[in-house]
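One-letter residues, chain by chain:
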Amino acid sequence: LVFVLSPFTAHALQKLSVAVVAGFISPFQEIAAAFEKDTGISIDVSFTSAGRIYAQIESGAPYDIFLSADVERPALLYAKNLCEKPFVYAEGEVILWSADQKFCSRPNWQEALRQTGIRKIAIPNPTTTVHGTHAKKALEEAGLWKDLEPKFVVAQDIAQVFQYATISAVDAAFCSSAHVNTPAGKKGCFYTMKEAAPVVYSACVLASSPRKETARRFADFLVSPVAGRIKNKYGYKETLKNK
């Protein structure tokens, strides 16, 4: 007795393991759900900082595709022949967000951070996260870093930073474009840090993946019009795949 799998059934048996930078959680969940609905291919996802994912991949973590919040780490993996050619899938900004509407009463983010009564500010680790790196540089250029450093609560990733802010464990936090457009984000107030460098998100299919064709299919979907509409909803700019 021969059982023949239909194409859709075959896809349904497939899974992808995807490592995603923590700041992209909300849009990714919607993109992954749309991809699974369209293809029947399910996705197992791990969220953490770009630096941590990079270290895991170097140590042999069995991911199929890596979605970073920078261009540097995928480029380094590519130089080491650990992935296929990286591509840009989104562009965002560094956001200063607070659960307290009064925090945003000042004309700009610099003045908001100079307010008296600010006790704690959450920042993603500048060593392992892109948003943290860009925020630190903007603060240094504004002459604020040294004065504010004692108030910083350093988190392992940007998702943890936003969590601290939403429960008011800190007065403000450096977040991503996506956080502002979540239900929780809309309850607070924010400044877009135009002085901070744009956050360019790139991704790559890993060389060790046993499911490269499926991973490439998801890579194509990541820059499709469907995914583009989801990313735009969360404040990311449209991108074209440059593979």
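Summarised in this report is the structure supplied together with it. As the structure is a prediction and not an experimental result, all values here were calculated from the model.

## Quick look at the overall build of the chain
Of regular secondary structure, the chain possesses 11 helices and 10 strands. Computed over C-alpha atoms, the radius of gyration of the chain comes to 19 Å, within 12% of the 18 Å expected from 2.2 N^0.38 for 243 residues, which places it in the range of a compact globule. Each principal axis of the C-alpha atoms in the chain carries an extent, and together these give about 75 × 35 × 30 Å. Long-range pairs, those at least 24 residues apart, make up 76% of the contacts in the chain between residues at least 6 apart in sequence. Surface summary for the chain: the accessible area is close to 11600 Å², and the carbon and sulfur share equals 54%. Separation between the mean location of the 28 positive side-chain charges and that of the 23 negative ones in the chain comes to 2 Å.

## Overview of the packing of aromatic side chains
Counting across every chain of the model gives 12 aromatic pairs. Each ring, one from F24 and one from Y236, has its centre 5.3 Å from the other, and the planes form 65 degrees; the classification is edge-to-face. Placement of the pair is F24 in the loop between β1 (15-21) and α2 (25-39) and Y236 in the segment after α11 (225-233), with a sequence separation of 212 residues. Since its relative accessible area comes to 0%, F24 is described here as buried.

## Section: the nonpolar core
Membership of the largest hydrophobic core comes to 56 residues, with the highest contact counts inside it found for F24, L67, Y89, L113 and F174. Sorting elements by how many residues they give to this core places helix α10 (residues 212-222) first, with 5 residues.

## Digging into the state of the cysteines
Using the criterion set out here, one finds 1 disulfide in the structure. Covalent S-S linkage joins C104 and C189, the inter-sulfur distance amounting to 2.1 Å. On the sign convention where negative means left-handed, the S-S torsion of about 85 degrees between C104 and C189 marks this disulfide as right-handed. Note that C104 is positioned in the loop between β5 (94-98) and α5 (109-113) and C189 in strand β9 (residues 189-192), a separation of 85 residues in sequence. On the accessibility criterion, C189 (7% relative accessible area) is buried.

## Details of the sheet that holds strand β4 (residues 87-92)
If you trace the 5 strands from one edge of the open sheet to the other, you get β2-β1-β3-β10-β4, paired in mixed fashion. This sheet does not close on itself; its edge strands, each paired only once, are β2 (42-48) and β4. Averaged over neighbouring strand pairs, the angle between their axes works out to 20 degrees when direction is ignored. Pairing of strand β3 (residues 65-67) with strand β10 (residues 199-205), which is carried by 3 bridges, proceeds in the antiparallel orientation. Opposite F66, over in β10, you have C204 as the bridge partner. This element, helix α3 (residues 50-58), spans β1, β2 and β3 of the sheet and lies at about 135 degrees to β1. Where α10 meets the sheet, it contacts β1, β2, β3, β4 and β10, and its direction lies at approximately 155 degrees from that of β10.

## Brief notes about empty space enclosed by the protein
The final tally for this structure, using the stated rule, is 1 cavity of 30 Å³ or more. In terms of lining residues, the largest cavity is bounded by V21, A22, T48, S49, A50, A69, T129, V130, H131, D157 and I158. When grouped by side-chain class, the residues that make up the lining of the largest cavity number 6 nonpolar, 4 polar and 1 charged.

Thresholds, definitions, all that
- Residues numbered from 1 in each chain as written.
- Predicted model: local features only at pLDDT ≥ 70, side-chain atom pairs only at ≥ 80, totals over all residues.
- Heavy atoms only, no water.
- Helix = DSSP H or I, 4+ residues; strand = E, 2+ residues; numbered from the N terminus.
- Rg over C-alpha atoms; globule rule 2.2 N^0.38 Å.
- Contact = heavy atoms within 4.5 Å.
- Areas by Shrake-Rupley, 256 points an atom, 1.4 Å probe, with all protein chains shown as cover.
- Lys, Arg positive; Asp, Glu negative; His and termini not counted.
- Charge placed at Lys NZ, Arg CZ, Asp CG, Glu CD.
- Phe/Tyr/Trp six-rings, centres within 6.5 Å; stacked < 30°, edge-to-face > 60°.
- Buried < 20%, exposed > 50% of the residue type's maximum accessible area, 1.4 Å probe, protein only.
- Core = buried A, V, L, I, M, F, W, Y, C linked by side-chain atoms within 4.5 Å.
- Disulfide = S-S within 2.5 Å.
- Pairing = 2+ DSSP bridges.
- Axes fitted to C-alpha atoms, helices over the stretch in contact; angles between N-to-C directions.
- 1 Å grid on protein atoms, 1.4 Å probe; cavity = no way out; pocket = protein on both sides within 12 Å on 5 of 7 lines; lining within 4 Å.
- Points joined across faces, edges and corners; volume = space filled by probe spheres on them.
- Nonpolar A, V, L, I, M, F, W, Y, C, P; charged D, E, K, R; others polar.

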